[in-house]
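Architecture and fold: a report
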Amino acid sequence: MYDIKRATLPTTRSVGHRSAASFLLTSALVLALSVLLPMVTHPRELLEAAGWQPSVCDDSCVHANDSACDDGGACRDGSDCGAC
C-alpha cells in the first residue's frame with residue numbers, strides 16, 4: 001500500500017534539471033544572441049533606424065551632381081552630398 005506521509009518529491013538531480021547557475025548562464029547567452037545577431041545580419045538597417053547617418057558620400061543617386069542638394073529629399077542621405 002502507498003503511504004502518502006512517506007512520499008517525497010524528486011530532487012532536481014534525480015529528474016535531470018540543470019543547476020540555477022547553468023540556467024541563468026544559458027538565458028543570458030540566448031538574450032545576448034537575440035540582441036546581437038540582428039546587428040550582424042542587418043547592420044545598416046538597424047543603424048539607420050537608430051538615426052545613424054552615413055559618413056561616406058557615394059553620389060549614387062540619379063539626381064547626384066546636378067548642382068541641387070537632394071540629400072534627404074529626392075535622394076537618400078549620403079547619395080547626393082557632392083552637390084550639397
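I will try to describe carefully the structure that is included in this document.

About the thresholds
- Residues numbered from 1 in each chain as written.
- Predicted model: local features only at pLDDT ≥ 70, side-chain atom pairs only at ≥ 80, totals over all residues.
- Heavy atoms only, no water.
- Disulfide = S-S within 2.5 Å.
- Helix = DSSP H or I, 4+ residues; strand = E, 2+ residues; numbered from the N terminus.
- Buried < 20%, exposed > 50% of the residue type's maximum accessible area, 1.4 Å probe, protein only.
- Patch = residues over 30% accessible without salt bridge, like charges linked within 9 Å, V, L, I, M, F, W, Y side chains within 5 Å.
- Areas by Shrake-Rupley, 256 points an atom, 1.4 Å probe, with all protein chains shown as cover.
- Salt bridge = Lys/Arg side-chain N within 4 Å of Asp/Glu carboxyl O.

A word on the state of the cysteines
Counted under the stated rule, the structure contains one disulfide. Between the sulfur atoms of Cys61 and its disulfide partner Cys75 the distance amounts to 1.9 Å. Taking the sign of the torsion about the S-S bond as the criterion, the disulfide between Cys61 and Cys75, at about -65 degrees, is left-handed. Taken together, the positions of Cys61 in the segment after helix H2 (43–49) and Cys75 in the segment after H2 put the pair 14 residues apart, joining distant regions of the chain. When its relative accessible area of 15% is taken as the criterion, Cys61 is described as buried.

Observations concerning a nonpolar patch on the surface
Where nonpolar side chains cluster on the molecular surface, the patch consists of Leu31, Val35 and Leu36 and spans about 280 Å² of accessible area. The topology assignment puts Leu36 in helix H1 (residues 20–41).

Focus on the pattern of salt bridges
Applying the stated rule across the entire model yields one salt bridge. The salt bridge involving Asp58 is made with Arg76; its shortest N-O contact spans 3.1 Å. Placement of the pair is Asp58 in the segment after H2 and Arg76 in the segment after H2, with a sequence separation of 18 residues.

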